[in-house]
Structure formats: C-alpha cells, structure tokens
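# Examining the three-dimensional arrangement
Below, each chain spelled out in residue letters.
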Amino acid sequence: MANTGLLPFVRGVDFTSNDFSEGKFPEAIRHMTGLQWLRLDKTNLADVPEELGKLMKLENLSLKKNDLEKLFGELTELKCLRSLNVRHNKVKSSGIPAELFLLEELTTLDLSHNRLKEVPDGLDKAKSLLVLNLSHNKIESIPPTLFVQLTDLLFLDLSNNLLETLPPQTRRLVNLQTLILNDNPLGLFQLRQLPSLQSLETLHMRNTQRTVANLPTSLDTLCNLSDVDLSKNALTKVPDALYSLQNLKRLNLSDNEINEISSAMDMWQKLESLNLSRNKLTALPASLCKLQNLRRLHVDDNNLDFEGIPSGIGKLGALEVFSAANNSLEMIPEGLCRCGSLKKLNLSCNKLITLPDAIHLLSDLESLQLHGNPDLVMPPKPVERPKGSGLQYYNVDFSLQTQLQLAGAATPELTAPNTGGGKSDPIARKLRLRRGRAEPEQKDSALILRGMQEQANTQHTNELTEQANSELKPKRWDESLEKPPLDYSEFFDEDTGQTPGLQVWEIENFIPAPVDEVAHGKFFEGDCYIILKTAIAEQGQLSWDIHFWIGSKATLDKGACAAMHAVNLRNFLGAKRTQRHEQGDESPEFLALFPLPPVYISGSHTPSGFFTVDDPHYVTRLYRVHGAGSSIHLEPVAVQADSLDPRYVFVLDTGLVIYLWIGKKAKNTLKSKGRLFAEKINKEERKNKAELITEPPGREPKGFWEALGYDGDLAYVPEEHVPEDFTWAAPRLYRVELGMGYLELPQTEQAVTRSVLNTRNVYILDAHLDVFVWFGKKSSRLVRAAAVKLAQELFNMVKRPPHALVTRLQEGTETQVFKTYFLGWEEVIAVDFTRTAESVARTGADLTTWARNQETKTDLSALFTPRQPAMSANEAKTLADEWNEDLEAMEAFVLEGRHFVRLPDQELGVFHSHDCYVFLCRYIMPAEEDDNEDIDDDEADAEAATWVVYFWQGRKAPNMGWLTFTFGLERKFKQLCKRLDVVRTHQQQESLKFMSHFKRRFIIRDGKRNVKPEGRQPVELFELRSNGSALCTRLVQVKADATQLNSAFCYILNVPLEGANDTSSAIVYAWIGSKSDADSARLIEQIAEEKFNNPWVSLQVLTEGSEPDNFFWVALGGRKPYDENADFLSYTRLFRCSNEKGYFTVSEKCTDFCQDDLADDDIMILDNGEQVFLWLGAKCSEVEIKLAYKSAQVYIQHMKSIQPEHPRKLFLTLKDKESRRFTKCFHGWGEHKRPPE
C-alpha cells in the first residue's frame, strides 16, 4: 500500500458503519499520529484495536454500538483522552480497567446500555469527570465513596438500573445541573439530598415510586429547575413545592393519579410544555390561560368535558400542540380555534357532536385527529373565495378599489397644473436659474456649495451633471426600464471584498476558482488570474483594486473569461475600474500587491473550458441491477461470465458499446429500469455516441462474451449464485475539511441526498466497493489535492475486490452510477416537459396547486395617474428661445450612397423617411464665475463649449446608415471635438431640444431624397399637428385621400402638373380647417411659402369650404366624408402592458407618441375619449393578454368615475387590422415598420 504521507496530518475521521470485524481494522490508522477525534460506531468491533495505542494525541473516542465486552488494551495509554463513549456494547464491570479512570484529562464517560452490575472499580478516582452516564445497566447500588471526589460533575444519568437509594454523599454534587433517575425502585428513598443540589436545572424521576409523602417539601429551594419529569408515579396531586418553581419550562406529570390542578399554576410564566395525560382530571383551571409561552399541552386519557376546558384558552397565542384524546368532550370551546399558532390538534376518541365553524380558519394546522367520534358532524367548510380575480387571471385583484389603493401607495398625488400663463414649467424654471449668474453677495454661498460638491461622491456628482444637461423630453419607457438584477453568487461569495486583504481567483472551465493564500503571487504561464485588493479608505469605507493577469501561454477562453469576470466582480462590489496586466508587463502598482516578486511557473494548472478532441479512455464495468423503491441500485461485480445470474439484469459498459443482459428469471421492472439506466449513460455521458445492444440469453453477440473474457466453444449457462438475502450496505459520505496544518473527515449527519453536496466543499463517497471524489465548483485547490490523496488512503484501508475503482467527479459532470447512491436524484415525476428544470424546481410539478396559492405581482399605477397636461405656448417659446440661445452653430449632413454630404441650407428642416441625417451642434454654456480670472478667453470658451451630434434615422431607412456614421463620421468628429455627445433618434421620436432648433419648420416627407418616382409625379398631402406642445409641431406626409382631412387641422396639398421642363410645375394648396387655431393657420402659410413655393408653383391658401373641384378634390380622389373635430387630442393616452420586469406592469407613453411606439412583443391600451382599444402585438404572451384585458376594464371603470360625461367602450384590435378610429390618434399613420431581413 503506497503511503501518501497525508495521514499524520489527519486530525479527525468518522469511520461509522464500516465493517472492522475479524481483523479488518485498518493498520494505516496507526500512521494517523495527529488524530484528535475518532468515531468507530457500528463497526462490529469485538476488542479495542491495538492500533489505537499509537494515537497519543487522541482526545475524543466513540465506540458506540459495537460488540465490546471489555476495555482492556491500549485505552489506558491515551494520556490526552477527554471523552470516551462506549454505549450500546456488552461491557461488564470486570472488563473495565481501573487504570482507565486515572487519565487526568478524562471529562466525559458514557457506559450506558451495557451489562454493568456494579459501579466499575476505581471510578471514584476520575476526579476530572464532568459527564457520567451509567444508564440502562443493572447496577443495584452506588458506593458511598463515588461522589466524594467527583464534585465537579455537571451531568449524571443513573436511569434504568436497580437502585433503591442514593448515598448521602450525593449532596456534595453542588455543581450538578442534570440528574436523571428514571426507572429505578426508589420507593423508600426520601430524596433528602436534593435540596442541596442548588445548581440543578433538570430532574427526571419517571417511574421511581414517587408519592406526595416521599417528595421533600423543600424542593422549592431549587430555583434553577427548568425541566421536571415525575411521570409514571403515584402522585394524587401536584406537589405544592412545584408551584414555586418560576423557571419551569417543561413539566411532565403524566401517568399519575392527579385529579385537580391548583390555580397557582399561573406562576409558571416560562412554561413551554405541560403533560398531564393519563390522570383523573375533570377540569383545567382558568389560570392556565395566563401561560403565554405554553407551546405544548397534553391532557389525553382524563375525564375532561366541555366545561372542563377554560373558555379563555384562545389567549394561548403560542400554543402549537393540543392533545385531548380519550376524554368526554362533546364540544370544544370556540376560543381554541383562535390559537393562531396551532399545528397539531388531537381530539380522537371523545364524544364530539360537532366542532366550531372557526376550525377551518386554523391556517397553520398540520394534523387534525378526530377518529373515534362516531356522532361527529363536521361544520361545512366555507367556500374558498378565489384570490383576486381567480386562477384564470393569476389571482390578481382587479377591483377598482384595490387597484386605486395600490396606485395611491406607489404613486404620489399629482397636483393639478395651473393653466394660467403666470406659472412656468418647473423644469424650465430650473434651466433659467441655472443660466443666471451669481450676484456679488452670493459669491460666498457659491464657494461653500462648491466645496460641498467637491466632497460629494463622484458617482453622485456625475448623476447631477447628467441631470443638468439632460433634455426635457420625457423618457421613453424602454429608457426607464429597470435593469434585471444580475446574480453573481455563482462566481463570488457574500464575503468577497468585505475584509481588508488580498484575494485571488484562477479561471477554470470558464469560471473563477479561489486560489489559496499560500499560492498568492505564483502564476502559471498558461493560466489567467483575477486579483482583488481590499483596503479601508480614510473615511472608513472599503475600497477595491481589481486586476486581471493574462499568462503568456494562456488560451483565448481563459483571457476572455478573466476580463469578463473582472468586470462582474467590479459590478458586484460597485468598484470603479479594472486593470489588465500581461505576463512580463505588469505595472508597479500590480507588483506592489505581493510581498515578493511574482513567480512564473511553466505549464497550466487549470483546464481550458473548450472541449478537447482526444480519444477518451473507458474502463469496462459490469453492474448487477437491484430494485430500490422507485430507483435502482447498481452493484459492481467482476467483469467475468461467472458474475451473471439468471434472476437479474446486468449492464456491461465497455465505453462506446453498452450491453444489456436480461436473465430469464429477471423481473420486468428491472428490465425497464435497467434499459432506462443504459440510455441515460449513453445520453448524458457518451453524447449519444454509444451503441445500446439488448439481446436475450443465448443470442448474445460475440463482443459481449469477449468483454467478459469467455472464449469457450459451448454456450455459457449462468447459474444462480447470488444469496437470497443479499443486501447492500448504505454508502458513507465524508466531507473533507482542511485547516491550518490539519485535515478532518467527518461524515454527513443527514441522509445521503443531493442537497447535502455543497458547491464550496469536496466530498468522498465510500460505496464499500467503489470510492468517488466529488469536487464542488467553488472548492479550493488545496482541498481538492488533499481529497484525492485521502480517497486513495480510504480505498486502500479496506480490503476491496480487484474491480473496485476510485473515480473523480466534477460538480455538474456526475456519472449515472454516482447518482444512484443519492436518494431522489433521478426520480421521475409527471411534469410539463415544455417547462424548464429551474421552473419545476422552483414551483413544483403541480402547477395548479402552486398557482392557486401564488399572488402575482402587478403595477397598474400608471392607469390612475392624471393625464400629462399640455405645455402652454409661452412656456414652449421660452424653452425654445433658451435652447436656441445656447446653440452657437449647427451643420447638417445627409447620407448619399456610402458617404455623408453637407445638406443644402434650403433643405434644412425637411426630412425623408428613407434617409439618415446628421446634425453637428455646438453649444456654449455660460461659465460660472470663480477666482481663476487669469484663464485665457479661448481656453474658457473651449471648456464651456459642448458638441452634440444628433443622428436622425427615418422610419424606412436601413441600419447601414448608423454603421456608416459610427465607423466614419463619428470618429472624425471625436478627433476634432473635445467634448462630444452622440444622440441617436428615430423619426417622430425626436427630443424637444432637437426639434426647437428648427423653429416649428419640421417636415417629414415619404420616400428618398433626390429620387423621383418613375412616371407621373404623385400627389402629396401633408398634415400639420402639435402633440402636447408647440415644440412637437411636425408637418408629416400622409396618404393623399380626402378621408385624411380634419376640420381641426391644417394641410398642404401638392398637386404636380405635367410640364415639358425637367422641373414640373405644380399647384400647392394650403388648406385651413374651419376649427383650426389661428397660430396653425399662420404657420401653415409660412411653411408653404418657405418650403413649397418656387417660380414653377402656384400657391393658393384655401379655407375649408372654398376648395375648387377641378384640382383639389380630384387630386384627393373625390370628395369624401372626413372628421370635423379633433376633440380626441384632449383625451388621447397610450399605455404599454408588459411583463419585461419579471412582473406585469403598465406604463404610459407621453402625449407625443407615434406609430413606432406600438411594441410588437407587448400589448398597448389606447384611449381616445370614446373608445378604449386593446392592441395586441404579434409576439405578446397569453399571460399579458389576460392581465391587459382586466387592466383595460379597470381603467374604464376609473375613467367612468372621474369623467362620467365621457363613457368609454372596450374594443380589440390586432396589428395590421387597425380601424380609422384607432389610427387617427397617430400623426402620420402608415404601414408598420418591418424588421430588416
């Protein structure tokens, strides 16, 4: 057996459930010279192994549940032994050496459940004993000398013996806290020593022939008593002394003859458990209801009736268990149903007729036992009201009152806007204040504020700067969406970066793995590392420096992952930046992180995350399949023909060929489970590259017998050789723990399930034949290395057959054989296979049960906020003047082919839907006054100047224009301009600041610039409309049809005439609606004169009703009915319904919305004052449809309450199926934007 040299460093190991009988005890244990604790429970030991004599540092030894008859051997040589546990053995008094009790460090001794008839000789010499357990033996007397020197005892258990009395020296145990005397014939013992035990907290005297007469009256002096057990005695009443014990928490008086409880029990204010079962009680006192801490009350097998239970029992708010079986209860007080914490209620075998209706309201009740009540009629269960609007609508409460309450809690009340011209917009006022210069008397205040700003957090300052320079156009909903919270817990722990020091990770299989402190500063040339330096700043806050190091021979995936996870670490901590370093080119700041210069190690320590193409090596294994409930057990057997048994199914795994051999007498369940297991191996371990062969006995292929080593000429006939009573031992799961210079190997205390495996640990699974080493993803390198060596030591300690193996497994790559040793890892449950594994794990397989109790989160507050008020003309003019005053210059460019060319001045303000435009704007912001008056004027102007590039993209323009700008013109601008901001905007989604530069001359034409259509020039109709503000004024080309007209708007109709020249002549009509305002009429004439008039054009201004038939109506396809008012503009609102945040939300688009704001993957709600439309996108989900439908209904109810004069009806519309009532709310409605192919 090869010694790994690791055994002397093992500090503790748990060998429970191993078989060390008949000389099988491992000799290697003698090499564990550093062992401090050792568990040999249930190991079939008959003698104390002599190897224990070498463990001179052993402090804790457990030998429970073995076959030991004597303790002679090496135990007396263990000078450091502190705790010895030999319970559940066959030890006799003569088998315990007196020298054992001379060990000076021995403090805990457990000799219970053995065959002792007297106290072992020499026990009185164990002066250091603190815990002594001699229970469950046959000891008849205690020698008087035992307690003379054991005065430090804290715990003494003498239960289940044959003691008739205790020596008077018991009173010397003044430090004793726990005394257990259960099941001893102490009838003549007066317990006169008890009052001397002032430290006593626990006293158990069950079945010790106690009566009221032989209990000392001075028991009340034991004021520390908290646990008293006097059950199975002959008490006729509760001893008076017990009522004085105010610290009692547990009292057991069951199986006595008590017929009455005094009202003085209200002294037990700390009592948590009271057992009065099997007595002769007829009533419980009312003072019981004052025990506010009572959690468990047992009164079974008494003579209690309805009157015997106090009506105020409902005051016991902490009561969890109430058991009153085998009494005479016809009814229970209704107050019992008010005990909200009640989990278990036992009323079986009574005379119950009915129960209070409130019994159904005990929501935490887990167990209700009512059997043995033949006349019981249960009260009707109340009809369970569906949560909210029911399961169909995901339990969301869509009642108007509830939604208004939720909206009121989430959204502040908005004050009604002042429509008068005296009060300006608050945002505009802030801008005006920002532009104002400080007065002389305000200079001191300005300096103070400046100093405060310099002390503020840098991030906060940046946010304020962005807010000051931001544009006033309300944010679009896609800009204001919350970013989903990213979970970095898979890569970094909660303690990362929380304590000063250095932490290092290496990239392994795409993820960072922690590096132990002893390896800091040592870098493999083929690896990449992340280094975090945590320090405490002057203000007491934590600061972080994040570096990532790239080895000269590192693969591409490691370098990319190091950079990515360094950014993840920065986001996780909220740090400022990361720094990149390459091997041999490290910065001095990086080198200063380590006390010594970095050491480069050739090669690579971690594997690449990419799959490597190599020839895998497969070990041929043969498994015998056994049934194990809903799962199976695979017993590895020798790969030979003699292992076959006709009663079983066998799986022969040769790598790329998997044979399934089915015995003639094998059960059908084993056949199907065996085949399923083989298919899982092929799918999950062989990537479906293995061949699965199933042949009945006698028709096996030649390769099957060759793999088993059988080359006989005659057909092999397997024989039955597996014992009928064959059982496999349960596997043992060890957790490898590594400390400073020591190793420990404890076994997990829970059942072997998948949840036991922790990703930060390393485990060794000993399956008696095979040994598996499981590495968690976050386990450290040193623990992994130690676990591999320990697994080899464990494998060699026990005699195993030649076909046993040691297998290493990484978390997430477990083999099917390994999974079979864990309960429930591969259980098959009925689920919806359209759901993900994460969904099933989170909600369970039964979606209906989960959804019935699920309360879906929603946010409908936007439906109840007031409509955004329109901006007054004065405020719009003030904002436009201020923005244009800041604008020093603007140069316009348009994309022609693959290059941007300068836009002619006469075309400024005219946009085409198929083109892209670029506007370079130079803003001069007034500099703040300061003490630096000697700065050059040119430098000051350069500092105050800000360059902004607006990229405008038409609705039908391809994205190639944006790419051309990004890789061409934008780079040139950044070279020329010191401070440059780029703003990308789309057609009819422009910001107010951008539109103000065109002074309401904003024209959008259909088609492409300088491209004339073939054939006759088409008729063009343009509609002038302002949405919510004069700043949002656009002249947009619409379909040339009379139905597009509206008496409340103004239009321009361009009717081309055929001419001989290249430039066609035309008639341009400026049509003024009868209900349009004077400002729009004046503006339409100005635009027509400036943008449409030329020597070949005849310009005519028409008022509604004076149109000529020959050209005007003919150009529009004839006279047709059209709308005569635009009252809908005063009510129009557009809402978006989405679950993009992870829950259902409704958000509102500002009044300047357009057709492109209709999100294809969501649902929109449009209100025009008369109808409410539910617009369904082509990619919306069923959940969104249901919740949006109920949301629209709630919105209609709300609007009916605040605008009863405008009732609304709900309509459904689909994409590309919109009616005129829907499209008229959008300026310039046309075909929907198609995604690029």
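Going along each chain's sequence as written, the residues are numbered from 1 onward. Two thresholds apply to this predicted model, a pLDDT of at least 70 for residue-level local features and 80 or more for giving and counting side-chain atom pairs, whereas whole-chain, interface and lining totals are computed over all residues. Each side-chain value is derived from all of the structure's non-hydrogen atoms; neither hydrogens nor water enter the calculation.

## Some words on the overall build of the protein
Stated formally: A helix here means a DSSP run of H or I that spans at least four residues, while a strand means a run of E at least two residues long, and both kinds are numbered starting from the N terminus. A simple rule labels every residue: compare its accessible area, found with a 1.4 Å probe on the protein chains alone, to the largest value its type can have, and call it buried under 20%, exposed over 50%, or partly exposed in between. Contact criterion: two residues are considered in contact whenever any of their non-hydrogen atoms come within 4.5 Å of each other. Note that accessible areas follow from Shrake-Rupley with a 1.4 Å probe, and for residues the cover is restricted to the protein chains shown.
Within the protein, the secondary structure is distributed over 21 helices and 51 strands. The buried share of the protein, taken over its 1237 residues, is 46%. Contacts spanning at least 24 positions in sequence make up 59% of the contacts within the protein whose residues lie at least 6 apart. Approximately 63,700 Å² of the protein is accessible, and the part contributed by carbon and sulfur atoms is 50%.

## What about the sheet that holds strand β22 (residues 578–582)?
The test is simple: Any two strands are treated as partners once DSSP identifies two or more bridges connecting them. To get an axis, fit a line to the C-alpha atoms, keeping to the stretch in contact for a helix; angles then go from 0 to 180 degrees between the N-to-C directions.
The sheet built from five strands is open, its strands ordered β18-β17-β20-β21-β22 with mixed pairing. Each of the sheet's edge strands pairs with one partner strand only, and the pair in question is β18 (511–514) and β22. Strand-to-strand twist across the sheet, computed as the mean angle between neighbouring axes with direction ignored, equals 30 degrees. Across six bridges, strand β17 (residues 501–508) lies against strand β20 (residues 528–536) in antiparallel orientation. Bridge assignment links Trp505 to a residue of β20, and that residue is Ile530.

## Concerning the environment of Ser672
Checked against the element boundaries, Ser672 lands in helix α8 (residues 668–685). Taking relative accessible area as the criterion, Ser672 reaches 46% and is therefore assigned partly exposed. Each C-alpha atom, one on Ser672 and one on Val649, is 9.7 Å from the other, the two residues being 23 residues apart in sequence.

## Looking at a negative patch on the surface
Which entries qualify depends on this criterion: Put simply, a patch holds well-exposed residues, over 30% relative accessible area, that have no salt bridge, with like charges counted together within 9 Å and Val, Leu, Ile, Met, Phe, Trp or Tyr side chains within 5 Å. Basic side-chain nitrogens of Lys or Arg form a salt bridge, by our definition, when they fall within 4 Å of a carboxyl oxygen of Asp or Glu. For the charge count, each Lys or Arg is scored as positive and each Asp or Glu as negative, with His and the chain ends excluded. Each charge is placed at NZ for Lys, CZ for Arg, CG for Asp and CD for Glu.
A surface patch of like charges, here negative, comprises Glu118, Asp121, Glu140 and Glu164. Tracing the backbone through its elements, the reader meets Glu164 in the loop between β7 (155–157) and β8 (178–180). When its relative accessible area of 54% is taken as the criterion, Glu164 is described as exposed.

## A short note on the pattern of salt bridges
Should the charged atoms of two oppositely charged side chains come close, the side chains can pair. The full count for this structure, using the stated rule, is 58 salt bridges. The salt bridge involving Asp19 is made with Lys24; its shortest N-O contact spans 3.3 Å. Note on Asp19: relative accessible area 34%, which makes it partly exposed. For Lys24, a relative accessible area of 43% translates into the label partly exposed. Here Asp653 and Arg686 are joined by a salt bridge, their closest N and O atoms 2.8 Å apart. Taken together, the residues span a long stretch of sequence, with Asp653 in strand β26 (residues 649–653) and Arg686 in the loop between α8 and β28 (691–695) at a distance of 33 residues. Three or more residues joined by partner-sharing salt bridges are found here, namely Asp645, Arg647, Lys665, Glu720 and Glu724.

## Some points on the side chain of Ser112
Examined against the element boundaries, Ser112 turns out to sit in the loop between β5 (108–110) and β6 (131–133). By relative accessible area, Ser112 is classed as buried at 0%. Filtering out sequence-adjacent residues up to four positions away, Ser112 remains in contact with Val86, Arg87, His88, Asn133, Leu134, Ser135 and Asn137.

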